[in-house]
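Listed here are the chains, written in short residue letters.
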Amino acid sequence: MKEIIASRRTILLTSLIFLALVLWNAYSSVQLHKSYQHALMKSVTDSVLADYQEYLAQLRTDVIHFQGQNYTQIAALANKGPLASKEEYMQLLKLMKNQFSDLRLFAIIDNNAQGVLKHITGDFLDDCKDEIRTTVDVGSQEHLFLHRSSNSIHYDLLEPLNIPGKQGWYFFVAFNTTVFESLLIKYQLPHQELFLLRTDLIGKIELSTTTTTDEHIAGIEMSAEEVQMFSFVKEIPGTRWQLAIRQEPNYQSSILVKSVIKALILWLFASAIILAFYLFQRQRARSHYAIKKALEFNATHDALTGLMNRATFEQSLTNFISQAKDNPTHGVVLLVDIDQFQLINNGYGYAVGDSVLNFLSIELKRYLPENVACSRLGNDEFAILVPDLSFEHAQACANKLKQFINDLSYVTEESLIKLTASIGVLHIDTDQISRERIFNSLAQAVRIAKEKGRNRAQLYQSDDQALIQHAQEMSVIKDIDAALNENRFMLYRQHINALQGDINIPKYEVLVRLKSRQDEIIPPDHFIPACEKFGLITKLDRWVIEATCKSIADTGDNGHYSINLSGITLADKDIKEFVSNMFEKYHINPNRIGFEITETYAITHLESATKFIGQMSEMGCEFSLDDFGSGLSSFSYLQQLPVHHIKIDGSFIKDICNNRLNQVFVETMHKLAKEMGKDCIAEFVEDKATQEHLIELGIEFAQGYYHHRPEKWFEY
Ligand code: C2E
Ligand code: CA
Ligand code: CA
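Named according to an unreviewed UniProt entry, the protein chain is EAL domain-containing protein originating from Thalassotalea algicola.

1. Points about the coordination of the calcium ion (ligand 3)
For a metal with four tetrahedral donors the ideal donor-metal-donor angle is 109.5 degrees, while six octahedral donors give ideal angles of 90 or 180 degrees. Taken together, the protein donors to the calcium ion (ligand 3) comprise D626 (OD), D627 (OD), E683 (OE) and E683 (OE), at separations of 1.7 to 2.8 Å. Expressed as a motif, the donor residue spacing for the calcium ion (ligand 3) is D-D-x55-E. Distance-wise, the calcium ion (ligand 2) is placed 4.1 Å from the calcium ion (ligand 3), both being coordinated by D626. Note that D627 is positioned in strand β22 (residues 622-628) and E683 in the loop between β24 (679-682) and α25 (688-697), a separation of 56 residues in sequence.

2. Re the site of ligand 1
Neighbouring ligand 1 are 21 residues, the closest being Q494, R513, D626, E686 and Y705. Side-chain polar atom of E686 to a nitrogen atom of ligand 1: 2.6 Å apart, as the coordinates give it. Taken by itself ligand 1 offers 790 Å² of open surface, and the protein chains cover 86% of this. Tallying contributions element by element places strand β18 (residues 507-515) first for the shell around ligand 1, with four residues.

3. Some details on the coordination of the calcium ion (ligand 2)
Looking at the calcium ion (ligand 2), the protein donor atoms are E509 (OE), N564 (OD1), E596 (OE) and D626 (OD), and they sit 2.1 to 2.4 Å from it. Motif for the calcium ion (ligand 2), donor spacing along one chain: E-x54-N-x31-E-x29-D. A relative accessible area of 2% places E596 in the buried class.

4. Things to note about the packing of aromatic side chains
Throughout the structure, instances matching the rule amount to 26 aromatic pairs. Among the aromatic residues, ring-to-ring pairing joins Y52, Y55, F66, F100, Y155, F175, F180 and W241 into one connected group. Across from the ring centre of F701, 5.5 Å away, lies the NZ or CZ of K507, which sits over that ring. For R709, the ring lying beneath its charged end belongs to Y705, and the centroid distance is 3.9 Å.

5. Some words on the environment of K258
Turning to its location among the elements, K258 is positioned in helix α9 (residues 251-300). Here the alpha-carbon distance between K258 and F701, two residues 443 residues apart in the chain, equals 113 Å.

6. A word on the sheet that holds strand β8 (residues 232-236)
Strand order across the open sheet formed by five strands is β7-β6-β5-β9-β8, with antiparallel pairing between neighbours. Each edge of the open sheet is held by one strand with a lone partner, namely β7 (220-221) and β8. Pairing of strand β5 (residues 192-198) with strand β6 (residues 204-208), which is carried by three bridges, proceeds in the antiparallel orientation. Bridging across to β6, L196 finds its partner in L207.

7. Considering the packing of helix α19 (residues 575-585) against helix α21 (residues 606-619)
Direction vectors running N to C along α19 and α21 enclose 20°, while the axes themselves pass 11 Å from each other. As the angle between them shows, α19 and α21 are arranged roughly parallel. Taken as a pair, α19 and α21 cross one another with a handedness that is right-handed. Contacts between α19 and α21 involve I575, K576, V579, S580 and F583 from the former and F612, Q615, M616 and M619 from the latter. Taken together, the residues that form the contact of α19 with α21 break down as six nonpolar, two polar and one charged.

8. So, the domain arrangement of the protein chain
Taken domain by domain, the protein chain comprises domain 1 (2-36 + 251-295), domain 2 (70-173), domain 3 (303-462) and domain 4 (476-715). The C-alpha-based centres of domain 1 and domain 3 are spaced at 58 Å.

9. Brief notes about the pattern of salt bridges
One pass over the structure, following the stated rule, counts 36 salt bridges. Residues K186 and D51 are paired through a salt bridge, measuring 3.5 Å at the closest nitrogen-oxygen approach. Of this pair, K186 sits in helix α6 (residues 178-187) while D51 sits in helix α1 (residues 2-69); the two residues are 135 residues apart in sequence, bridging distant segments of the chain. By relative accessible area, K186 is classed as exposed at 53%. On the accessibility criterion, D51 (18% relative accessible area) is buried. For E363, the salt bridge goes to R366, with nearest N and O atoms at 2.6 Å. Of this pair, E363 and R366 both sit in helix α12 (residues 350-367), three residues apart, roughly one helical turn. Each of D130, R148, R198, D200, E206 and R240 takes part in salt bridges that share partners, so that together they form one network.

10. Considerations on the packing of helix α10 (residues 310-326) against helix α14 (residues 435-451)
If you want to describe how two helices pack, look at the angle between their axes and the distance between the axes. Viewed as axis vectors pointing N to C, α10 and α14 meet at an angle of 110°, and their least axial separation amounts to 10 Å. On the basis of the axis angle, α10 is roughly perpendicular to α14. In this structure, α10 crosses over α14, and the sense of that crossing is right-handed. From α10, R310, F313, E314, L317, T318 and I321 reach across to α14, where they touch R435, I438 and F439.

11. Quick word on a nonpolar patch on the surface
Residues L13, I17 and L21 make up a contiguous nonpolar surface patch of roughly 300 Å² in combined accessible area. When you line up the elements, I17 lands in helix α1.

The rules behind the values
- Residues numbered from 1 in each chain as written.
- Chains lettered and ligands numbered in written order.
- Predicted model: local features only at pLDDT ≥ 70, side-chain atom pairs only at ≥ 80, totals over all residues.
- Heavy atoms only, no water.
- Donors = N, O, S within 2.8 Å, 3.2 Å for Na, K, Ca; no water.
- Helix = DSSP H or I, 4+ residues; strand = E, 2+ residues; numbered from the N terminus.
- Near = heavy atom within 4 Å.
- Polar contact = N/O pair within 3.5 Å; in protein donor to acceptor, adjacent residues only side chain to side chain.
- Areas by Shrake-Rupley, 256 points an atom, 1.4 Å probe, with all protein chains shown as cover.
- Buried < 20%, exposed > 50% of the residue type's maximum accessible area, 1.4 Å probe, protein only.
- Phe/Tyr/Trp six-rings, centres within 6.5 Å; stacked < 30°, edge-to-face > 60°.
- Lys NZ or Arg CZ within 6 Å of the ring centre and 35° of its normal.
- Pairing = 2+ DSSP bridges.
- Axes fitted to C-alpha atoms, helices over the stretch in contact; angles between N-to-C directions.
- Parallel < 35°, antiparallel > 145°, perpendicular 65-115°, else oblique.
- Left-handed = near helix turned anticlockwise from the far one by under 90°.
- Contact = heavy atoms within 4.5 Å.
- Nonpolar A, V, L, I, M, F, W, Y, C, P; charged D, E, K, R; others polar.
- Domains from an automatic or database assignment.
- Salt bridge = Lys/Arg side-chain N within 4 Å of Asp/Glu carboxyl O.
- Patch = residues over 30% accessible without salt bridge, like charges linked within 9 Å, V, L, I, M, F, W, Y side chains within 5 Å.

Here it is as structure tokens:
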């Protein structure tokens, strides 16, 4: 779920970044458009300007050329002046109109700025007079502008009159403005208006691309604000004009708005895609998560009741026990077995049975506190682990639970089902207890509760024989740990004597004893089984190995010692290294040490036993197969075990003189052992007759009270 939140943030951020990008893009494209428009307007005005100038220059050239061609007629008119006839004038005007398309009239101006053909052409407009006057005064026409009458509009070109003696005179030609207008229209672009303005009169418009005919004739006056609206203005040299361009009033802002709208649409579209993708991914992640959770739940919980399953409960129990190692703690485990549940199944059917279990589970969950682990182990069995509950409160807690179950009623259509339970109760206050042991003890307690008449809670500690034994074992276990710390273990040794000739060094078996705090000597049969059950045996075996090495080193003993090893120790992967370290630490020659392993263990754990024997034999240690004949003897296995000696179990030896079967067994065993290159050691040789019998049979070694009772050998 964390990933979903993270990706939601990423998507939001991405969307915002994208928005910023598209807006930035819109802004810069508007800027680009502006500069493009500016360049465009510059190029439009440049073109109009170039065409105007070209046109005027051409026109002036043509006028000069015309003067040259018609010199005679023009000179006649100039010389005659007021005496010139209208026919002469009209003749020349006709000729001229044929050459100049927009021509209106021509006139001849003297050096006093007076028209010498006034009697034919009439008086000039004021604007014309102004133009003539400045031209004559300045000596050339530099301020061309349009002249308006009430019904027409034109401009005048003044070119010096090329007639001798007429210095300062001008040839005056008036033209219509058609070409100027058509050039403006030619370069007009969409969303633009082109204007010809007066430079000297602010706001006076001479021509424009959008004016009506009337406006065109009258000219337009613009306010100062309107003049401000022009987007581009350029002077036309040699005239009183400026070229100007006005863009449609909302053109720029509409471009900006359009760009922003486009950007927002793009952003919305992209965001919608991102959002759709995100929703899709989220949906997928959620369903994966739900499936994962459901799978996890199914793997750890009981399908019928939703309580934890056996494996999960066992794990909780293991965790609880191992926690006790570092942090002594109390807890109580309850095993709840519904009484005569089979009757419900048989009477109402399995569906109702299942519903009852389900109902009970729901009620239990409601009843038990949060920190209590509750599990359905299977069938009608429930297990409950209550942490932090002391021994004194265990019984009360179980009784309350029993009462709670008694008070429940499951209602079916026809009847009311009441439940009772037999509850086993076990108090845990040590890590020296295994899960298996807990379940066994609880099963015993439940069995007793049922035997006592059901519907009761049975604490595991009563007068039951098995419970007493368990309690004793527990106290032994506690004592063993203490004894190891207090060095209350002792080593005894028993001589193993050679029956066929002598051997150079004495041979012994090492036997462990526990000294109680009251100085009683406790034999190994009283504590070894409990040590094996509660996982202490490896510690003890290690102690024996070290004590043996130390004793040999301390006393300078020259004997050979056989040490008993439990099967569990043999399976310990570090044991080989431990033994080697001890040999090194106490400078022990491995030839001086042998190990005894029981036949039963060696055969049931053939692989690890063979491996260990192989490794230790390589170092020089000897191996004996102990208690041979008492277990699952199989000769084929015997062949595979690389041991040196076979210790025939004492039960076959004790009464060998009187028991024919034992005689045969020992004889056969011995023959087989010889075939395999192994020696035999007979245990429990308690009298002379037995020993002699064994010598007769050819048995190599004997061990027993007859020759030597185990004697104390090492004590801290
Ligand atoms: P085991 O290995 O078969 O040892 C022989 C047992 O027979 C010893 O008992 C010994 O005292 C006893 N015994 C010796 N001669 C006679 C005899 O003539 N008649 C009779 N009836 N008994 C005789 P112990 O010392 O009580 O040891 C009992 C068992 O405890 C041993 O059986 C061995 O399995 C185990 N054990 C002893 N010491 C150790 C040890 O250091 N480590 C481990 N893992 N087990 C040990
Ligand atoms: Ca032994
Ligand atoms: Ca034995």
